[in-house]
Amino acid sequence: MAKTTKLNLLLTALLISAAANAINQDFNEPIRVASKFQSGDGINKISIFREDVKITQGSLSIEAGEVEVNAEQGKGREIFIARGNPAEYQQTMADGSRIRALANHIEYHVEKRTLTLSGNAELHQNSSSVSGDKIEFNMEKEQLVAQGSDDGDGRVETIFQPEPKKKPVQEK
C-alpha cells in the first residue's frame, strides 16, 4: 500500500510539473513569422511583415495585418509590434486553458515574456474577460495590469461568469 501511495504521489508531482512547464516550453521554441510581404533593414535591425501575418512560438500565436520586428537589442530580446483591426494573440496556459487577447496594437517583448495590448484591448480566459484601453500581461506569471482611457468614462471592465447551476436530479 505504501508503494502505491508513493507511486501515485510521484505521478501526480510529474503531471503538475509537466503542466507548469507547458507554457515555459513555448519560450524555448523558435519564433516563426509568415506573411505575404516582408522587408528588412539589416543596419537598423528592423523587419516589416504585411498582409495576413502570423507569428507562432509553440502554442503562442499572434495574427495581425502588419508586424514590425525590432531586433536591435540582439538575439532573444526582439520586440514584435503587431497592428490590426484587431490584432489577436492566443496561447495555451500551464493549466491547459486557452487565453485570447485582442487589441489594435500588441507588443510582444520576447525577453520579458510580456504583452502590452493597447487600443480596444480585451483579454479572455475561460469565461472571464478584462477590457480597457491598455492591458499589460506577463505570459509566464499569468499576471495582468489594465487601465482605462483618458476619454469617455476611462474605466476598465472585468466580467466574471458564474458557473451554471446544476439541475437537481428528479426522482422517479
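Look up a bit, the structure's there.
Residues numbered from 1 in each chain as written. Predicted model: local features only at pLDDT ≥ 70, side-chain atom pairs only at ≥ 80, totals over all residues. Heavy atoms only, no water.

1. So, the nonpolar core
- Core analysis: the largest hydrophobic core is formed by 28 residues, its most contacted members being Val 67, Tyr 89, Tyr 108, Leu 115 and Leu 117.
- Of all the secondary-structure elements, those providing two or more residues to this core are β3 (46-57), β4 (60-70), β5 (79-92), β6 (98-109), β7 (114-125) and β8 (128-138).
- Residues within four places of Tyr 89 in sequence aside, it is in contact with Leu 60, Ser 61, Ile 62, Ile 99, Arg 100, Ala 101, Ile 106, Leu 115, Phe 137 and Met 139. (Core = buried A, V, L, I, M, F, W, Y, C linked by side-chain atoms within 4.5 Å. Buried < 20%, exposed > 50% of the residue type's maximum accessible area, 1.4 Å probe, protein only. Helix = DSSP H or I, 4+ residues; strand = E, 2+ residues; numbered from the N terminus. Contact = heavy atoms within 4.5 Å.)

2. Points about unusual backbone geometry
- Cis geometry is adopted by the peptide bond preceding Pro 86, which originates at Asn 85 and carries an omega value of -5 degrees.
- Within the secondary structure layout, Pro 86 lies in strand β5.
- At Lys 45, a residue that is not glycine, the phi angle is positive and equals roughly 55 degrees.
- Inspection of the secondary structure assignment puts Lys 45 in the loop between β2 (37-41) and β3.

3. Points about the environment of Glu 140
- Along the polypeptide, Glu 140 turns up in the loop between β8 and β9 (143-147).
- Of the residues examined, Glu 140 reaches a relative accessible area of 35% and is grouped as partly exposed.
- Linking Glu 140 and Lys 112, residues 28 residues apart in sequence, is a C-alpha distance of 8.9 Å.
- Leaving out residues up to four positions away in the same chain, Glu 140 has contacts with Asn 24, Phe 27 and Arg 113.
- For Glu 140, the side chain forms a polar contact with the side chain of Arg 113, separated by 2.8 Å. (Polar contact = N/O pair within 3.5 Å; in protein donor to acceptor, adjacent residues only side chain to side chain.)

4. Examining the side chain of Thr 114
- Within the secondary structure, Thr 114 sits in strand β7.
- Take Thr 114: its relative accessible area is 18%, and that puts it in the buried class.
- Apart from the residues lying within four places of it in its own chain, the contact partners of Thr 114 are Glu 107, Tyr 108, His 109, Phe 137, Asn 138 and Met 139.

5. Re the environment of Lys 54
- Mapped onto the elements of the fold, Lys 54 is located in strand β3.
- Since its relative accessible area comes to 37%, Lys 54 is described here as partly exposed.
- Separated by eleven residues in sequence, Lys 54 and Gly 65 place their C-alpha atoms 8.8 Å apart.
- Apart from the residues lying within four places of it in its own chain, the contact partners of Lys 54 are Arg 32, Val 33, Ala 34, Ser 61, Ile 62 and Glu 63.

6. Brief notes about the pairing of β5
- Sheet topology note: the β4/β5 ladder contains eight bridges and is antiparallel. In the sheet register, Ile 62 faces β5, and the bridge partner there is Tyr 89.
- The pairing of β5 with β6 spans eleven bridges and is antiparallel. Bridge pairing in β6 places Ala 82 opposite Ile 106.
- Between the end of β5 and the start of β6, which pair antiparallel, lie five residues, with Gly 96 showing a positive phi angle near 95 degrees. (Pairing = 2+ DSSP bridges.)

7. Focus on the pattern of salt bridges
- Enumeration over the complete set of coordinates arrives at eight salt bridges.
- Glu 66 serves as the salt-bridge partner of Arg 83, at 3.1 Å between the closest nitrogen and oxygen. With a gap of 17 residues between them, Arg 83 in strand β5 and Glu 66 in strand β4 connect regions that are remote in the sequence.
- Under the relative-accessibility criterion, Arg 83 is labelled partly exposed at 29%.
- Between Glu 140 and Arg 113 there is a salt bridge, and its shortest N-O distance comes to 2.8 Å. (Salt bridge = Lys/Arg side-chain N within 4 Å of Asp/Glu carboxyl O.)

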